[in-house]
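Report on the structure
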Amino acid sequence: MKRLIKVGLTGGIASGKSMTLDHWQQTGTAGIDADVLAHQALIPRTPTWDKVVRTFGSKILNKDGTVNRPKLGKIVFADEKKRGALNRIIHPAVEKMWTEAIEKLERENVATIVVVAIPLLYEVAVETKFDCVVVVGCSEPTQLARLTKKGLSKSQAQARIRAQWPLQMKMDHADFVIWNDGWLEVLHQQAKTIWVNIKETYHAPSKN
């Protein structure tokens, strides 16, 4: 059985983690997105959904019972204690989900490398579960521009940036860094170069 190389992918909010994961998945790499799993964890009537509703009240729900994420976001990004309470509910559930997904890939022995995108990888201290960590970074003005373009106010965007480790600290801890402050083609070229380095460094055999 081939050893599955596990790559952790993280970075700052709006830095380009999802675009990097998407690029690697398009080349045939196995990918797991913790943000997608977090949405799944909050499907109505699931245990995680129930804990969140009991903690924050039914006021965070839409009429169909789904969590109103913008409303919940306003609550937790305005109060560090409430954000911590939410993280203590969500992160263990999501970690269990991506851990089980990795174990399934290992059993099936169909992939040589898996990339797991986790926004708060360092903050929740799961970096040791991976062979290497790739951090996607960009400047704070770029983060603010991207977040406000999505509809957040400048203060809301700044609150979300401050809720994570400083990007420089993440980059200092990384094995590989992608700087995504410009064109998408530049991001893709860096991702391609780093992918070659990962394969060479961790001896993952090519599937091609």
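Above this note sits the structure.
So, a few notes on the structure that sits alongside this text. (Residues numbered from 1 in each chain as written. Predicted model: local features only at pLDDT ≥ 70, side-chain atom pairs only at ≥ 80, totals over all residues. Heavy atoms only, no water.)

A few words on the layout of surface pockets. Put simply, the largest pocket is a space of about 1,500 Å³. What lines the largest pocket is a set of 46 residues, and nearest its centre among them are Ile13, Asp35, Arg69, Phe77 and Pro119. At the level of elements, α1 (17-26), α2 (34-41), α4 (69-76), α5 (80-108), α6 (140-149) and α7 (154-162) are the ones that each hand at least two residues to the lining of the largest pocket. Here the element with the most residues in the lining of the largest pocket is α5; it accounts for 9 residues. Along the lines of polarity and charge, the residues of the lining of the largest pocket split into 23 nonpolar, 10 polar and 13 charged. (1 Å grid on protein atoms, 1.4 Å probe; cavity = no way out; pocket = protein on both sides within 12 Å on 5 of 7 lines; lining within 4 Å. Points joined across faces, edges and corners; volume = space filled by probe spheres on them. Helix = DSSP H or I, 4+ residues; strand = E, 2+ residues; numbered from the N terminus. Nonpolar A, V, L, I, M, F, W, Y, C, P; charged D, E, K, R; others polar.)

Here we take up the environment of aspartate 131. Here aspartate 131 lies in the loop between β3 (113-117) and β4 (132-137). Residue classification places aspartate 131 among the partly exposed positions, given a relative accessible area of 25%. Separated by 127 residues in the primary sequence, aspartate 131 and leucine 4 place their C-alpha atoms 9.6 Å from one another. Here the side chain of aspartate 131 touches arginine 3 through a polar contact of 2.9 Å, side chain to side chain. (Buried < 20%, exposed > 50% of the residue type's maximum accessible area, 1.4 Å probe, protein only. Polar contact = N/O pair within 3.5 Å; in protein donor to acceptor, adjacent residues only side chain to side chain.)

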